Amino acid sequence: MKYDFDEVIERKHTNSLKWDFAESKFGEKDLLPMWVADMDFKVSQPVIEAVVRKAEEGVYGYADRLDPYYEAVIGWMDRRHGWKIEREWITYSPGVVSALHWLVRAYTNPGDKVVIQAPVYYPFYSAVTNNGCEVVINELKLENGHYRMDFNDLEQKLKDNPDAKLLILCSPHNPVGRVWTREELARLGEICLRHKVMIVADEIHGDLVYKGCKHTPLAMISEELAQNSITCTAPSKTFNLAGLQTSNIIIPNQGLRRTYLDILEQNGVRRPNIFGIVAAEAAYNDGEEWLEQLLVYLNGNLDFLTDFISKKLPKVKVIKPEGTYLIWLDFREYGLDGKAMENVMLKQAKLALDEGYIFGPGGEGFERINIACPRAVLAEGLARVEKTFNALK
Ligand SMILES: Cc1ncc(COP(=O)(O)O)c(C=O)c1O
């Protein structure tokens, strides 16, 4: 069937975090919300039907995942990424952020170091510090509009910090939009193996890549890396199911898996949400057609934004994304610091974006905009930026 991503769906007064909580979070009225990473699109028809069928059963007791659920996840990873995973590797978490917290707790002791590659999705910092560990930054390098990993710096940081136990990888990377190549991942993996640093790969955006790019699951690269890593995946970003709180944490190594499961047990984390199970299963089995159409629409939104900015906001640079629907925009030519930028966006443009500085070192002067919305909404957001920034002295 043909999906209509141009349809504007009213999300106000639906308990939407993005729409109904923007005012309380940002302290301004009448904001157009283009911040948190969910999409303003209706989900695929098979998902709606599966959830409605479950709702109509009318009994919502405790639930758990049966064989067809695992088969759906295994089938998806194989079909989309060529990654052959086994049923027992698949463990549970409601969300990936929760999993990051539990994984840090599982594999470190308070006082240990954890490496992250800034600027990066801000809960990576709290997953480390909330567990009494210390963040070590391996900052990404921006050269000619393209981000790359700084392997020399990583090597040096791991030499200098023998108590670094873990690296949290964002692949594809939020917010800079890189889809790391197999070669980059292999090099990162080799350095971590040599320094006995485990990798937690947050691959939640792995299905959302632009034309011509290919996501490589880190654990697929070699058996050694499969045994030295944990992969966080979910249908939440791919299929717009974030409110259903269902993620799959894939752990090939039996010992590491046991340690993670022990942490879940110690924290009283039990079974998944019944609607999350049926929605994920339907999405993985029957949501591919929707996803293919979504990716075409997102490519169109990206082209629209790129064209708009090059014509009307020449001081802003678009960091060309290879994946994710979160676009990283460089406003540094305006010379405003992070707080000043935030003020202009909120008070003058009336736009709720994720400010670059919240992503840590290397983020100040950038803005992250979520383009997973109907083109008309994107056009309105960009028009607000144009009007405001072109009026600045
Ligand atoms: C890299 C990354 N990890 C995790 C999440 C959130 O995952 P969850 O809602 O499953 O906690 C996001 C959401 O934006 C993300 O970008």
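Residues numbered from 1 in each chain as written. Predicted model: local features only at pLDDT ≥ 70, side-chain atom pairs only at ≥ 80, totals over all residues. Heavy atoms only, no water.

Help me out: how do you make sense of the pairing of strand 12 (residues 326-330) in this one?
Sheet faces and side chains relate simply in a regular strand, where the side chains alternate between the two faces. Counting buried positions along strand 12 yields five of five residues, so the element is predominantly enclosed. Both faces of strand 12 are covered, namely the face carrying Leu326, Trp328 and Asp330 and the face carrying Ile327 and Leu329. Sheet topology places strand 11 (residues 317-319) next to strand 12; three bridges connect them, and they run antiparallel. Its bridge partner lying in strand 12, Ile319 is registered against Trp328. (Buried < 20%, exposed > 50% of the residue type's maximum accessible area, 1.4 Å probe, protein only. Helix = DSSP H or I, 4+ residues; strand = E, 2+ residues; numbered from the N terminus. Pairing = 2+ DSSP bridges.)

In this structure, what is going on with helix 7 (residues 151-160)? I would like to understand it.
Residues separated by three or four positions in an α-helix point in the same direction, a consequence of the helix having 3.6 residues per turn. Of all the positions in helix 7, only Phe151, Asp153, Leu154, Glu155 and Leu158 are classed as buried. On its buried face, helix 7 sits against strand 3 (113-116), strand 4 (134-137), strand 7 (164-170) and helix 8 (182-194). Where helix 7 begins, one side-chain oxygen reaches toward the backbone nitrogen of Asn152, 3.4 Å away; that side chain belongs to Asp150. (Contact = heavy atoms within 4.5 Å. Polar contact = N/O pair within 3.5 Å; in protein donor to acceptor, adjacent residues only side chain to side chain.)

Got a minute to help me understand the domain arrangement of the protein in this structure?
By convention, interface size is frequently given as the accessible area that disappears when the constituent parts associate. Domain annotation of the protein identifies domain 1 (17-44 + 288-389) and domain 2 (60-286). Summarising the inter-unit geometry, the C-alpha centres of domain 1 and domain 2 are found 25 Å apart. Taken together, the contact pairs 34 residues of domain 1 with 37 residues of domain 2. Both sides of the domain 1 and domain 2 interface together cover about 3,100 Å² of buried area, and 57% of this is carbon and sulfur. When the buried surface of domain 1 facing domain 2 is broken down by residue, Glu288, Glu322 and Thr324 rank first, second and third, together holding 25% of it. Taken together, domain 1 and domain 2 are joined by four salt bridges. Among the salt bridges present, the one from Glu288 reaches Arg80, with a minimum N-O distance of 3.1 Å. Across the domain 1-domain 2 interface, the total number found is 18 residue pairs in polar contact (both at pLDDT 80 or more). (Domains from an automatic or database assignment. Buried area = accessible area lost by both parts, 1.4 Å probe. Salt bridge = Lys/Arg side-chain N within 4 Å of Asp/Glu carboxyl O.)

Help me out: how do you make sense of the layout of surface pockets in this one?
In this approach a probe as big as a water molecule rolls over the atoms, and the regions it shows empty are the leftover space. Taken as a whole, the largest pocket holds about 810 Å³ of empty space. Surrounding the largest pocket, 34 residues form its lining, Ser236, Lys237, Ala242, Gly243 and Gln245 being those nearest its centre. The element best represented in the lining of the largest pocket is helix 3 (residues 45-57), accounting for four residues. Here the residues of the lining of the largest pocket sort into 18 nonpolar, 10 polar and six charged. Summarising the domain contributions, the lining of the largest pocket has at least three residues from each of domain 1 (17-44 + 288-389) and domain 2 (60-286). Each pocket or cavity is described by its volume, and for the second largest pocket that value is around 320 Å³. Around the second largest pocket, the lining comprises 16 residues; the ones closest to its centre are Arg65, Tyr92, Leu261, Leu264 and Arg270. Of all the secondary structure elements, the ones that give two or more residues to the lining of the second largest pocket are strand 2 (90-93) and helix 11 (254-266). For the lining of the second largest pocket, the element with the highest residue contribution is helix 11, accounting for five residues. Counted by class, the lining of the second largest pocket contains seven nonpolar, one polar and eight charged residues. (1 Å grid on protein atoms, 1.4 Å probe; cavity = no way out; pocket = protein on both sides within 12 Å on 5 of 7 lines; lining within 4 Å. Points joined across faces, edges and corners; volume = space filled by probe spheres on them. Nonpolar A, V, L, I, M, F, W, Y, C, P; charged D, E, K, R; others polar.)

Would you mind going over the nonpolar core with me for this structure?
When a protein is soluble and globular, its nonpolar side chains tend to lie buried together. Judged by nonpolar contacts, the single largest core of 70 residues is most densely connected at Leu294, Leu305, Tyr325, Phe331, Met345, Ile371 and Phe389. At the level of secondary structure, the elements contributing two or more residues to this core comprise helix 3, helix 4 (67-81), helix 12 (274-286), helix 13 (288-312), strand 12, helix 14 (338-349) and helix 15 (375-389). A total of 10 residues in this core trace back to one element, the largest contributor, which is helix 13. Looking at this core, you find at least three residues from each of domain 1 (17-44 + 288-389) and domain 2 (60-286). Among the nonpolar cores identified, the runner-up in size contains 35 residues, and Ala106, Met198, Ala234 and Ile251 belong to it. (Core = buried A, V, L, I, M, F, W, Y, C linked by side-chain atoms within 4.5 Å.)

Looking at this model, I keep getting lost on empty space enclosed by the protein. Mind explaining?
A complete count under the given rule lists one cavity of 30 Å³ or more for this structure. In terms of lining, the largest cavity is formed by 14 residues, of which the most central are Met77, His81, Glu203, Asp207 and Thr233. In the lining of the largest cavity, the residues fall into six nonpolar, six polar and two charged.

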